[in-house]
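Tertiary structure, described
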Amino acid sequence: MDEIRQVFGSLTVDTVIVALAALVAIYKLYKKAESEVIKKYKAEEEEKKKIQQLMDQVPAWQKQNTQLRQELTAAIEEVKGVQVKNSAKLEEVARHMYENDATTARYRILRFNDEILHGTHHTKEHFDQILGDINSYESYCSNHPEYENNKAVLAIENIKKIYQKCTAENDFL
């Protein structure tokens, strides 16, 4: 039982919910992309049938070749357009996921600081975990100046101060 707690003890319901929400979002995006690819594939197959009918009807080989090239070029341009749109959507989803991770880390930092302020003692491992969250949060904030990041400054400062105190006095739980 202790081994299970060591492996999964630092997981919180919030972390699991955020991970599940991210997986659901990625799955929905995948299904949407899959549906679009299938739809495009069927449309291309229909276009191929039309092209074949035209090639059978037009007697001149050169005319058939020209028409086929034009249709193929149009289809390629259409696929490129869809690909650009899907790429932009995927980048937006990734941006939201990273921002959500930073917000969740900030929430954990603030909650941990509240626990300290209410006199709750923590293990060294718990401090190490929250210090990792602080590093991740500060890194995200420094790389994304548009992200509102001044909400946990005092909490981070207090956590680091208490960590140094606990380390100096060996006062971990």
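Residues numbered from 1 in each chain as written. Predicted model: local features only at pLDDT ≥ 70, side-chain atom pairs only at ≥ 80, totals over all residues. Heavy atoms only, no water.

**What about helix α4 (residues 124-143)?**
What counts is decided by this rule: Helix numbering and strand numbering both begin at the N terminus, where a helix is a DSSP run of H or I of at least 4 residues and a strand a DSSP run of E of at least 2. By this rule the span expected of a helix is its residue count minus one, scaled by 1.5 Å. Under the scheme applied here, a residue whose accessible area is under 20% of the maximum for its type counts as buried, over 50% as exposed, and between as partly exposed, the area being computed with a 1.4 Å probe on protein chains only.
Between its first and last C-alpha atoms α4 spans 28 Å; for 20 residues at 1.5 Å apiece the expected length is 28 Å, and the two agree. Of all the residues in α4, the buried ones are F127, I130, L131, D133, I134, Y137, Y140 and C141.

**A short note on a nonpolar patch on the surface**
Put simply, the test is: For patch detection, residues must exceed 30% relative accessible area and be free of salt bridges, and they are connected within 9 Å for like charges or within 5 Å for nonpolar side chains (Val, Leu, Ile, Met, Phe, Trp, Tyr). The protein chains shown are the only cover counted for residues, whose accessible areas, like all others here, come from Shrake-Rupley with a 1.4 Å probe. Salt bridges are identified by distance alone: a Lys or Arg side-chain nitrogen within 4 Å of an Asp or Glu carboxyl oxygen.
Taken together, V16, L20 and L23 make up a surface patch of nonpolar side chains, about 270 Å² in accessible area. Along the chain, V16 falls in helix α2 (residues 13-57). Since its relative accessible area comes to 38%, V16 is described here as partly exposed.

**Details of unusual backbone geometry**
A positive phi is found at N170, a non-glycine position, where the angle reads about 50°. Examined against the element boundaries, N170 turns out to sit in the segment after α5 (153-169).

**Remarks on the pattern of salt bridges**
Tallying each qualifying case throughout the model produces 15 salt bridges. Between E77 and K80 there is a salt bridge, with its nearest N and O atoms 3.8 Å apart. Highlighted residues: E77 and K80, both in helix α3 (residues 61-117), separated by three residues, approximately one helical turn. Here E77 falls in the partly exposed class, since its relative accessible area comes to 46%. Exposure remark for K80: the relative accessible area of 44% places this residue in the partly exposed category.

**Concerning the layout of surface pockets**
Rules: In this analysis a 1.4 Å probe is tested at points of a 1 Å grid over the protein atoms alone, and where it fits but cannot get out there is a cavity; an open set with protein on both sides within 12 Å along at least five of seven lines is a pocket; lining residues have an atom within 4 Å of a point. Grid points are joined across faces, edges and corners, and a volume is the space filled by probe spheres set on the points. Gly counts as polar in this scheme, as do all residues outside two lists: the nonpolar Ala, Val, Leu, Ile, Met, Phe, Trp, Tyr, Cys and Pro, and the charged Asp, Glu, Lys and Arg.
Reported here for the second largest pocket is a volume of approximately 200 Å³. In terms of lining, the second largest pocket is formed by T15, V18, A19, Y98, D101, A102, T104, A105, R108, S136, Y137 and Y140. Elements that contribute at least two residues to the lining of the second largest pocket include exactly α2, α3 and α4. Per element, the largest residue contribution to the lining of the second largest pocket is six residues, and it comes from α3. Within the lining of the second largest pocket, the residues separate by chemical class into seven nonpolar, three polar and two charged.

**Re the nonpolar core**
What counts, and what does not: The definition of a nonpolar core used throughout is a set of buried Ala, Val, Leu, Ile, Met, Phe, Trp, Tyr and Cys residues joined through side-chain atoms within 4.5 Å. In this analysis, two residues are considered to be in contact whenever any of their non-hydrogen atoms come within 4.5 Å of each other.
Core analysis: the largest hydrophobic core is formed by 21 residues, its most contacted members being I109, F127, Y137 and I159. For this core, the secondary structure elements donating two or more residues are α3, α4 and α5. Here the element with the most residues in this core is α4; it accounts for seven residues. Setting aside its immediate chain neighbours within four residues, F127 contacts F112, I116, H122, I159, I162, Y163, C166 and F172.

**Side note on the packing of α4 against α5**
Relative orientation and spacing of two packed helices are given, respectively, by the angle between their axes and the distance between those axes. Under the convention used in this document: Note on geometry: axes are C-alpha line fits, over the in-contact stretch for helices, and angles between N-to-C directions span 0 to 180 degrees. In this scheme the handedness of a crossing depends on how the near helix is turned from the far one: anticlockwise by less than a right angle means left-handed, clockwise means right-handed.
Packing of α4 against α5 brings their axes to within 11 Å, and their N-to-C directions diverge by 145°. Taken as a pair, α4 and α5 cross one another with a handedness that is left-handed. Residues K124, F127, D128, I130, L131, I134, Y137 and E138 of α4 lie in contact with α5, whose contacting residues are I156, I159, K160, I162, Y163 and C166. When its residues are assigned to classes, the contact of α4 with α5 shows ten nonpolar, no polar and four charged.

Distances and angles like these do not, on their own, reveal function.
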